[in-house]
Amino acid sequence: MSLPAVLLAAGSSPSPTPSGSATPAVPSLQDAQESATNAASWVEQNWSTWLAIGLRVLLILVIAGVLRAVVQRAITKLIERMTRTAEAVDGTSLGGLLVNNERRRQRSQAIGSVLRSVASFVILGTAALMVLGAFQINLAPLLASAGVAGVAIGFGARNLVTDFLSGVFMILEDQYGVGDSIDAGVASGEVIEVGLRVTKLRGASGEIWYVRNGEVKRIGNLSQGWATAGVDVTVKANEDLDRVKATLDEVAEKMSAEEPWNELLWSPIEVLGLDSVLLDSMVVRVSAKTMPGKSLTVERELRWRVKRAFDAADIRIVGGATAPLDEEPVDPTAAVAAPSVLSNPDSPQAAAASPIAQPRPAAK
């Protein structure tokens, strides 16, 4: 048959007409019975595997919960022991030289909270990975991705990690707290906030310093223990040492008995003796132990009282007026050499070397 005949035959065939809406096939009772039989057989084949996985997951969760409770209880007992130790030390004579009990208790609670959070994160994270492994989930890609991400974060945020670890050890060792005056090397002032990454200080002029914990190499705490107030009194070399010491002892005894200095002074004011002796002066050292942070206040008051006592006792302090009041004024031309007899008395040099005539008082 030729191609035109085939095309003519195809064109003459009637086109299919759209049929009505197709009715869905209704499953028969036999199909439903076969589906139920297949499901029952599948459950029968896999129920032991499900039971084993369920028991494994339950065992993992129970062990994780028990371990977490035991670790947190151990941390709580440790914090309570630290608090009891702080209370026992606070009741002794050394309690005033150490950090107060309330601050140590708060610091212990902060340490316990951090340790409990870290322990919970580690235990529950490990339990979650074990549960995923029980469901036959391949953890190798997850662990590899976590390892690569951890290395990248470690290199990119190494300063942050250093600051965090330094802050944790500062809290554990109780190096300083809010309200302490410290010298951190890079800045000094009063601590107004302690964080795991940054410590906030207020300087002497009111400025606020943000010091990263990782940059602190040394810390000088000026608020723990006691402070020393030292005053150097410089007097003339020809002064009577016994009279100087008696005057200083009188000032020290009077100041130690008055308020509020009797509370700020933690030891008697002592005259330590001669600190140095020179040709025209000598230095007498006076020292006392004071409340932390109050040494400058005590030193200012002590200098004030020593100056007034020395003025009353007619003891001269080096740096004041050294010339007697009745001494004749020194002629400024006394050290100038006289002009030569062969020089011209009318020359400018002779006029400059001649003494200045003193003005005569007017007659009344």
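Small disclaimer: the values here were computed from a predicted structure and weren't measured. (Residues numbered from 1 in each chain as written. Predicted model: local features only at pLDDT ≥ 70, side-chain atom pairs only at ≥ 80, totals over all residues. Heavy atoms only, no water.)

Caption draft 1: Representation of the sheet that holds strand 8 (residues 281-290). Overall, antiparallel pairing links the 3 strands, which are arranged 6-8-7 in an open sheet. One side of each edge strand has no neighbouring strand; the edge strands of this open sheet are strand 6 (227-236) and strand 7 (270-277). On average, each strand axis in the sheet is tilted by 25 degrees relative to the strand beside it, whichever way the strands run. Bridging between strand 7 and strand 8 involves 6 bridges; their strand directions are antiparallel. Looking across to strand 8, one finds that Val277 is bridged to Met282. The strands that helix 8 (residues 295-312) touches are strand 6 and strand 8; relative to strand 6, the one it contacts most, it runs at about 25 degrees. (Pairing = 2+ DSSP bridges. Helix = DSSP H or I, 4+ residues; strand = E, 2+ residues; numbered from the N terminus. Axes fitted to C-alpha atoms, helices over the stretch in contact; angles between N-to-C directions. Contact = heavy atoms within 4.5 Å.)

Caption draft 2: Up close: the pairing of strand 8. Burial within strand 8 is extensive, with 8 of its 10 residues counted as buried. Inspection of the sheet shows strand 6 paired to strand 8 by 10 bridges, in the antiparallel sense. Residue pairing for strand 8: Val231 is matched across the bridge by Val286. In this antiparallel pair of consecutive strands, strand 7 and strand 8, the connection spans 3 residues. (Buried < 20%, exposed > 50% of the residue type's maximum accessible area, 1.4 Å probe, protein only.)

Caption draft 3: Local environment of the sheet that holds strand 5 (residues 220-221). Pairing in this open sheet of 5 strands is antiparallel, and the strands run 4-3-2-1-5 from one edge to the other. Either end of the sheet is taken by a strand with one partner, and the two such strands are strand 4 (208-212) and strand 5. Here strand 2 (residues 188-194) runs beside strand 3 (residues 198-202); their pairing, made up of 4 bridges, is antiparallel. Paired with Val194 across the bridge in strand 3 is Thr199.

Caption draft 4: Inspection of helix 5 (residues 158-173) at higher detail. Helix length check: helix 5 (16 residues) gives 22 Å between terminal C-alpha atoms against 22 Å at 1.5 Å per residue, within 8%. Asp174 occupies a position one or two residues after helix 5 and carries a positive phi of about 55 degrees. (Expected span 1.5 Å × (residues − 1).)

Caption draft 5: Region of interest: the packing of aromatic side chains. Per the counting criterion, the structure on display carries 0 aromatic pairs. Note that Lys289 overlies the ring of Trp226, its terminal NZ or CZ placed 4.2 Å from the centroid. (Phe/Tyr/Trp six-rings, centres within 6.5 Å; stacked < 30°, edge-to-face > 60°. Lys NZ or Arg CZ within 6 Å of the ring centre and 35° of its normal.)

Caption draft 6: Just the pairing of strand 3, in detail. Across the 5 residues of strand 3, 4 count as buried, placing the element largely inside the fold. A loop of 3 residues connects strand 2 with strand 3, the two strands running antiparallel in sequence. Sheet analysis places strand 3 next to strand 4, joined by 5 bridges and oriented antiparallel. Within strand 4, the position partnered with Arg202 by the bridge is Ile208. What sits between strand 3 and strand 4 in their antiparallel hairpin is a turn of 5 residues, with Gly206 showing a positive phi close to 95 degrees.

Caption draft 7: Layout of helix 6 (residues 241-257). The terminal C-alpha atoms of helix 6 lie 24 Å apart, and with 17 residues this matches the ideal 24 Å at 1.5 Å per residue to within 8%. Every buried residue of helix 6 is accounted for by Val244, Thr247, Leu248, Val251, Ala252 and Met255. Taken around the axis of helix 6, the buried residues stretch over an arc of 135 degrees, which confines them to a single face. In helix 6, the exposed positions angled more than 90 degrees off the buried face are occupied by Asp242, Glu250, Glu253, Lys254 and Ala257. (Arc of directions from axis to C-beta.)

Caption draft 8: Region of interest: a positive patch on the surface. Positive charge collects at one region of the surface, where Arg73, Lys77, Arg81 and Arg84 lie side by side. Examined against the element boundaries, Arg84 turns out to sit in helix 2 (residues 29-90). (Patch = residues over 30% accessible without salt bridge, like charges linked within 9 Å, V, L, I, M, F, W, Y side chains within 5 Å. Areas by Shrake-Rupley, 256 points an atom, 1.4 Å probe, with all protein chains shown as cover. Salt bridge = Lys/Arg side-chain N within 4 Å of Asp/Glu carboxyl O. Lys, Arg positive; Asp, Glu negative; His and termini not counted. Charge placed at Lys NZ, Arg CZ, Asp CG, Glu CD.)

Caption draft 9: Inspection of the pattern of salt bridges at higher detail. For the structure on display, the rule yields 11 salt bridges. Of the charged contacts in the structure, one is a salt bridge between Asp183 and Arg218, with a shortest N-O distance of 3.8 Å. Placement of the pair is Asp183 in strand 1 (residues 181-183) and Arg218 in the loop between strand 4 and strand 5, with a sequence separation of 35 residues. Its relative accessible area of 28% is what places Asp183 among the partly exposed residues. The closest approach of N and O atoms between Arg243 and Glu239, which form a salt bridge, is 3.6 Å. Note on Arg243: relative accessible area 34%, which makes it partly exposed. If you follow the salt bridges from partner to partner, you end up with Asp163, Arg212 and Glu215 in one network.

Caption draft 10: Local environment of the nonpolar core. Ranked by internal contacts, the top residues of the largest apolar core, which has 24 residues, are Val233, Leu248, Ile269, Val298, Leu302, Val306 and Phe310. Sorting the residues of this core by element identifies strand 6, helix 6, helix 7 (261-264), strand 8 and helix 8 as the ones contributing at least two each. (Core = buried A, V, L, I, M, F, W, Y, C linked by side-chain atoms within 4.5 Å.)

Caption draft 11: Just unusual backbone geometry, in detail. Here the residue pair Glu259 and Pro260 is connected by a cis peptide bond, since its omega of 0 degrees sits within 30 degrees of zero. Locating Pro260 in the fold gives a position in the loop between helix 6 and helix 7. With phi around 60 degrees, Asp314 is a residue other than glycine that occupies positive phi space. Judged by relative accessible area, Asp314 falls into the exposed class, the value being 59%.

Note that all results are geometric; they support no functional claim without further evidence.
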